[in-house]
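# Working through the structure, step by step
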Amino acid sequence: MNLRDIKANLAKFALQDDQLSLRLLSRLLFKPLAKEKIRNVVVYRVGNIGDTVAAIPALAILRTALPQTRITLLTSAGSPDLPGAKDILDAFPQLVNQVIHYLPQDAKTWEGLQQLRTRLLAQGPIDLWVSLPITMQTFHRSLQEMLMARWLGCQFAIGFSLLLPDFFKTVYARYYKESLPKTSDWLLTMMGEALNYPADSANPSSYLQFFQPPVPWQPCDWDINPQQPMLAVNAGAKLPIKRWYSAYFQTTLQQLQLQFPELQILLLGNETEKSLNEEIRDGLSGTTLNLSGQLNLSQTWSLLNQATALFSNDTGAMHMAGLLQKTVFTPMSGQYPAPIWHPPGPPLVEYHRPVPCAPCFETKCPLSEQICMSLLTPELILPNMVQRLSTLISESSRS
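The structure reproduced in this document is the subject of the present report. Keep in mind that this is a model prediction, so the values were computed, not measured. (Residues numbered from 1 in each chain as written. Predicted model: local features only at pLDDT ≥ 70, side-chain atom pairs only at ≥ 80, totals over all residues. Heavy atoms only, no water.)

Let us look at the pattern of salt bridges. Evaluation of the coordinates by the stated rule reveals five salt bridges. The closest approach of N and O atoms between Lys-274 and Glu-271, which form a salt bridge, is 3.0 Å. Classification of Glu-271 by relative accessible area gives partly exposed; the value is 47%. Within the structure, one salt-bridge network assembled from shared partners comprises Glu-278, Arg-281 and Asp-282. (Salt bridge = Lys/Arg side-chain N within 4 Å of Asp/Glu carboxyl O. Buried < 20%, exposed > 50% of the residue type's maximum accessible area, 1.4 Å probe, protein only.)

Below, the structure written as structure tokens:
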């Protein structure tokens, strides 16, 4: 047995030990779940667009299993400038009754915690605390949640779990990559087991029944022809490590326009990505729209719901389109192991180059050249994209 095998086994043992400890602590601190006694629920799930979208299938199971309960989502986007759960859940208005946002600094003082407690208890005692852990959840963070739930007076609590070990995380992810699930499937399965309710991740109707486009689809507002195929494109990303080169996007889109002259290219992004998209658009012909900064999340939901497909980095748009059962083409960096951060919905059309440093779990590539992206050239993905788009366009024209 080599050193890598030893580290992987130690990581697996540590993860199993932490999981067992969480289960035992949960049994000590909380009563066995009695669904008939649940009237008021608090769900704890933090993060930005992708984090919220990944939790929607689990929220749908919760709402279906406990249809008469009041559900409050406690969340934090980390910064008041970042889009959060409220913006996403506007498209799923029946899933939760209330969204309470807090800032991380608010939870670091006793006064801030007291104010948060007052807000959470404003609608009466909390019966059930539901933890929807983040992908990188730690044992310490789960323990803090348990204590928070007890401090709030919750009788019942579910969902305390870990996906990855605290130690030797990278070795573990490489060694056991075949057994790692999508985060959305992990949360969905955990919720179904806790509620004793069947949860089928392959059945999108379980959550799409709650989807309501927040605004009407109005292609005339954006000079889009709804009778022609639309490829939404998101060439930006919050973290540099997730960004495929803009020149690669441009080359790929040029070739796609040659293959499909009727294809409309819709470049998505926020206001800061306008210049990036303009550089890409300048090298393209045909109908190519730079919609950076022009769409709010409600309009983005409506556009993605009508698009033929999405071509995107690992972004919130990727998760939104996947949830809507759209085909999503993604040049994926080696930051995380596949499919741990793939979106809900059909299998992601992921393009990647296997490199020895992946997964790295870094927020910024420490190498002089990010080889997981630089080696993933347009020539490697174009044949597959052309084939799949051809099928999608043909199917769309027949319908």
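Counted by the stated rule, this structure contains 16 aromatic pairs. Note on Phe-92 and Trp-301: the rings are 5.7 Å apart at their centroids and 75° apart in plane angle, and the pair reads as edge-to-face. Here the residue Phe-92 occupies a position in the loop between helix H3 (85-89) and strand S3 (98-101), and Trp-301 occupies one in helix H11 (residues 297-306), the gap between them amounting to 209 residues. By relative accessible area, Trp-301 is classed as buried at 0%. Ring centres of Phe-211 and Trp-301 lie 5.6 Å apart, and the angle between their planes is 55°; on these two criteria the pair is classed as tilted. You can see Phe-211 sitting in the loop between helix H8 (205-208) and strand S6 (230-234) and its partner Trp-301 sitting in helix H11, a full 90 residues away along the chain. Under the relative-accessibility criterion, Phe-211 is labelled buried at 14%. Aromatic rings pair up to connect Trp-244, Tyr-245, Tyr-248, Phe-249 and Phe-311 into one cluster. If you follow Arg-117 out to its NZ or CZ, it ends over the ring of Trp-151, 5.2 Å from the centre. (Phe/Tyr/Trp six-rings, centres within 6.5 Å; stacked < 30°, edge-to-face > 60°. Helix = DSSP H or I, 4+ residues; strand = E, 2+ residues; numbered from the N terminus. Lys NZ or Arg CZ within 6 Å of the ring centre and 35° of its normal.)

Here Thr-300 shows up in helix H11. The exposure class assigned to Thr-300 is buried, which follows from its relative accessible area of 11%. Excluding its chain neighbours within four sequence positions, the residues that come into contact with Thr-300 are Leu-295 and Met-320. (Contact = heavy atoms within 4.5 Å.)

Put simply, Ala-338 and Pro-339 share a cis peptide bond, and its omega is 0°. Of note, Pro-339 is situated in the loop between strand S10 (327-331) and strand S11 (349-351). Look at the link from Ala-358 to Pro-359: it is a cis peptide, with omega at -5°. Mapped onto the elements, Pro-359 comes out in the loop between S11 and helix H13 (371-374). Positive phi, normally seen in glycine, also occurs at Phe-168, with a value near 55°.

The sheet built from six strands is open, its strands ordered S8-S7-S6-S9-S10-S11 with parallel pairing. Of all strands in the sheet, those with a lone pairing partner are strand S8 (288-290) and S11, marking the two edges. When the angles between neighbouring strand axes are averaged without regard to direction, this sheet yields 15°. Pairing of strand S9 (residues 309-312) with S10 involves three bridges; the strand directions are parallel. Bridge pairing in S10 places Phe-311 opposite Phe-329. (Pairing = 2+ DSSP bridges. Axes fitted to C-alpha atoms, helices over the stretch in contact; angles between N-to-C directions.)

Turning our attention to the nonpolar core. Counting 97 residues, the largest nonpolar core has Phe-92, Trp-129 and Trp-301 as the members making the most contacts within it. Per element, the largest residue contribution to this core is eleven residues, and it comes from helix H2 (residues 49-65). The residues contacting Phe-92, other than those within four sequence positions of it, are Ile-56, Tyr-207, Phe-210, Phe-211, Trp-301 and Leu-323. With 30 residues, the next largest nonpolar core counts Leu-231, Ile-280, Leu-382 and Leu-389 among its residues. (Core = buried A, V, L, I, M, F, W, Y, C linked by side-chain atoms within 4.5 Å.)

Covered by surrounding structure in strand S7 (residues 264-267) are Gln-264 and Leu-266 together with Ile-265 and Leu-267, the residues of both alternating faces. Here S6 runs beside S7; their pairing, made up of four bridges, is parallel. Directly across from Ala-232, in S7, lies its bridge partner Leu-266. With helix H9 (residues 246-259) bridging S6 and the parallel S7, this β-α-β connection has right-handed handedness. Both S7 and S8 contribute to a ladder of three bridges, which runs parallel. Bridge assignment links Leu-266 to a residue of S8, and that residue is Leu-289. (Right-handed = clockwise from strand over helix to strand, strands pointing away.)

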